[in-house]
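Survey of secondary and tertiary structure
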Number of protein chains: 2
Amino acid sequence: MSGIQPQCEGNGPSAVEASGSDIDDFLWNFGSWLTDEDEYSDIIISTRIRLARNLKGYRFPNRASNAELREVLQQVRRTCQECESLKNGTYVDIEKLSEWDCKYFVERRLASPQLIENAYPSLLIIASRESLSIMVNEEDHLRIQCLEAGFRIDRAWEKISQVDDELEEGLTFSYSDRFGYLTACPTNLGTGLRVSIFVHLPALSFRSETQSVIQQLPTSEIAVRGFYGEGTESIGNVFQISNQLTLGRTEKSVVERLRWTANKLVELEREARARLLKEKETKVEDAVFRALGVLRHARIMSSLEAMDLLSLLRLGLELGMISDISRVAINQLMVLIQPAHLQKIYSKGLDADERDIVRAEFIRQNLWMEN
Amino acid sequence: MSGIQPQCEGNGPSAVEASGSDIDDFLWNFGSWLTDEDEYSDIIISTRIRLARNLKGYRFPNRASNAELREVLQQVRRTCQECESLKNGTYVDIEKLSEWDCKYFVERRLASPQLIENAYPSLLIIASRESLSIMVNEEDHLRIQCLEAGFRIDRAWEKISQVDDELEEGLTFSYSDRFGYLTACPTNLGTGLRVSIFVHLPALSFRSETQSVIQQLPTSEIAVRGFYGEGTESIGNVFQISNQLTLGRTEKSVVERLRWTANKLVELEREARARLLKEKETKVEDAVFRALGVLRHARIMSSLEAMDLLSLLRLGLELGMISDISRVAINQLMVLIQPAHLQKIYSKGLDADERDIVRAEFIRQNLWMEN
């Protein structure tokens, strides 16, 4: 089993302007960050690079009038539609989306919660299997994102630089020789660059070592965040690690700092896994299989519990205790069991209690592998 | 599936004097209380009647010399070997038993913890598929017990009366016209009769109503005890309900009082089950299937947790949620997972941690029914 099987065939994103059904197509056409793997995928789920850019001559979104923002939006749209890597993308008009469709893109990590909350005239452009996307009129005029599976940081950097260059052919970005790229918030000033990785640290967590490891990271340079970014909690032992500084750092040094941190975390988590196997094998096995048992049998399940249990399942897989489900399938399940995805899968309005019931049902259907 | 399958064939009790292997034969040759069912078996697991008797002319065990007790033992043995219902029984010399074999008979409900602790010269006689047994030199010279599945109180009464009569042909019991049968403890004086039922009250417990129901019972007449009798806790929502008074009550009135109480509890538990199905079906189903999932997958399990989970499984069975395991199989599992039974099943010395591991293994092997 290589991944979660779609229950119906979609056609994938293709149209320039997204209609309701184009949005639905994303559901089972997982982006590359949910289907690919590299040698770090046992720990690093995905790597994301984003650039903050603003158009010269327009106020930042929190200061601009709606008319100005619509102009920004039109300019960006026009330029993107001429870019090689973006012209076949899906263009999602955020204003026209239902609340649940907005949440669905947040869960899919293509939009930020802020994009939805701001309620500015805004646009989400999604290209090349979700790997490349642009939020228009989030905190900045452009938030360009490249999302890759595992730790493909060089590929992500290459891709995003290329798009950045392409866009600069049609757009003039706000830039100061002294500060670099100008951004709405000073924390993004300079490179406008944020590199982040989603790391899964279940063994460190099982050994209650996560906090001490995190405290060893240079917090002036590196930020540790929860599952949905700033101000959110870690769920299922997944942490988002990213650079703190964008000013006075070269892009290369930011990437290298993240690379060093990623390697360090991978090393520590792998060591913790080896020690777990040596010292507490039966205890871990018990936790892993209990998680599997509950996932396979429960009739009601919150997303928080599901994430914690899937995290244990992923640990069991990495330790060789479970073999009939793939890492990719677990990663996909972690996305699919989120509230808005469940709304899409079951194509109906569900309240929280009903979602907990269909979540349990959906997980059961997907976890009856032989083992 | 009607019950737990033996992993090896035993020959059943037959010899007059029990050797080690005769004792082992009990393991899979479940007594009738673990194989039979009646119309109360959804709630009443078993019914036990016991009579306390002492031989005239001998001091009670706590006052008697060992020489006296050996004389008592010889007299009783001789008489029993001439009784129709006891002559083919198994005669177990408690002094010669290992500590684990003693515990094994306690778990099997054929011996009391006191019989083991007292360390008097004592004997355990087991006849007719565990339904009939006699402890010699426990608190009294004789404790005659009849144990039946479900609520076969009349059958038990008939059987025990018959044995009592048979024994009186060869033995002279200590009897006073004023008090009735004399016993070591005044709480048994008079009839020497204790009737008790093991009731499973998971629905009342799920609804947190068990305590209020128990408080409604006439505690001057009826005692509620835990799984292993006086001073023990309820485990797996199983309670032992028995009469308090033996003096100034006729045997008939004691039996009738227990019958009334049993009927009341059965009625209340059945009502609670019906209400559960109406009001909280999904929640119960969730609890039942989570229990099944953990039982089927855990690698480490204490007997306390196992009992609680098996209790939920039994509830699920009674509510029609689970169908591929029988009530009898669950009852048998509840006995087989106890520490001394596991020692027997795995035929080796195990410490508590090792037992928790083999317990989980044994349960897994027995719960992979289809459903």
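Residues numbered from 1 in each chain as written. Chains lettered and ligands numbered in written order. Predicted model: local features only at pLDDT ≥ 70, side-chain atom pairs only at ≥ 80, totals over all residues. Heavy atoms only, no water.

1. Some remarks on the sheet that holds strand β4 (residues 132-136) of chain B
All names here are of chain B.
- Taken in spatial order, the 8 strands line up as β2-β3-β4-β5-β1-β8-β10-β9 in an open sheet, and their pairing is antiparallel. At either end of the open sheet lies a strand with only one pairing partner, and these are β2 (90-93) and β9 (222-225). Within the sheet, the average angular offset between the axes of one strand and its neighbour, ignoring direction, is 20°.
- Pairing between β2 and strand β3 (residues 123-127): 4 bridges, direction antiparallel. Residue Y91 lies in a different strand from β3, and its bridge partner there is I125. (Pairing = 2+ DSSP bridges. Helix = DSSP H or I, 4+ residues; strand = E, 2+ residues; numbered from the N terminus. Axes fitted to C-alpha atoms, helices over the stretch in contact; angles between N-to-C directions.)

2. Observations concerning the domain arrangement of chain A
Residues and elements named next belong to chain A.
- In terms of domain boundaries, chain A breaks down into domain 1 (17-200 + 222-269) and domain 2 (280-366).
- Each of domain 1 and domain 2 has a C-alpha centre, and the two are 27 Å apart.
- Taken together, the contacts link 27 residues of domain 1 with 22 residues of domain 2.
- Both sides of the domain 1 and domain 2 interface together cover about 2200 Å² of buried area, and 65% of this is carbon and sulfur.
- For the domain 1 face of the interface with domain 2, the top three residues by lost area are L34, W100 and E107, together amounting to 25%.
- Along the contact surface separating domain 1 from domain 2 lie 2 salt bridges. (Domains from an automatic or database assignment. Contact = heavy atoms within 4.5 Å. Buried area = accessible area lost by both parts, 1.4 Å probe. Salt bridge = Lys/Arg side-chain N within 4 Å of Asp/Glu carboxyl O.)

3. Describing the sheet that holds strand β1 (residues 44-53) of chain A
Residues and elements named next belong to chain A.
- Strands sit in the order β2-β3-β4-β5-β1-β8-β10-β9 across an open sheet of 8 strands; the sheet is antiparallel. The two strands at the open ends of the sheet, each matched to only one other strand, are β2 (90-93) and β9 (222-225). Strand-to-strand twist in this sheet, taken as the mean axis angle between neighbours without regard to direction, amounts to 20°.
- Relative to strand β5 (residues 142-149), strand β4 (residues 132-136) is paired through 5 bridges, and the arrangement is antiparallel. Its bridge partner being in β5, L132 is matched across the sheet by C146.

4. Topic: the interface of chain B and chain A
- Between chain B and chain A, the contact holds 18 residues from the first and 18 residues from the second.
- Summed over both partners, the interface of chain B with chain A buries about 1500 Å², with 64% contributed by carbon and sulfur atoms.
- On the chain B side of the interface with chain A, the three residues burying the most area are R290(B), H297(B) and R299(B), jointly 40% of the side's total.
- Joining chain B to chain A, the criterion identifies 2 salt bridges.
- The residue E305(A) makes a salt bridge to R290(B) at a minimum N-O spacing of 2.7 Å.
- For the pair chain B and chain A, the number of links is 10 residue pairs in polar contact (both at pLDDT 80 or more).
- It is helix α9 (residues 281-297) of chain B that contributes the most residues to the side of chain B that touches chain A, 11 residues altogether.
- Its residues assigned to classes, the side of chain B that touches chain A shows 8 nonpolar, 3 polar and 7 charged. (Polar contact = N/O pair within 3.5 Å; in protein donor to acceptor, adjacent residues only side chain to side chain. Nonpolar A, V, L, I, M, F, W, Y, C, P; charged D, E, K, R; others polar.)

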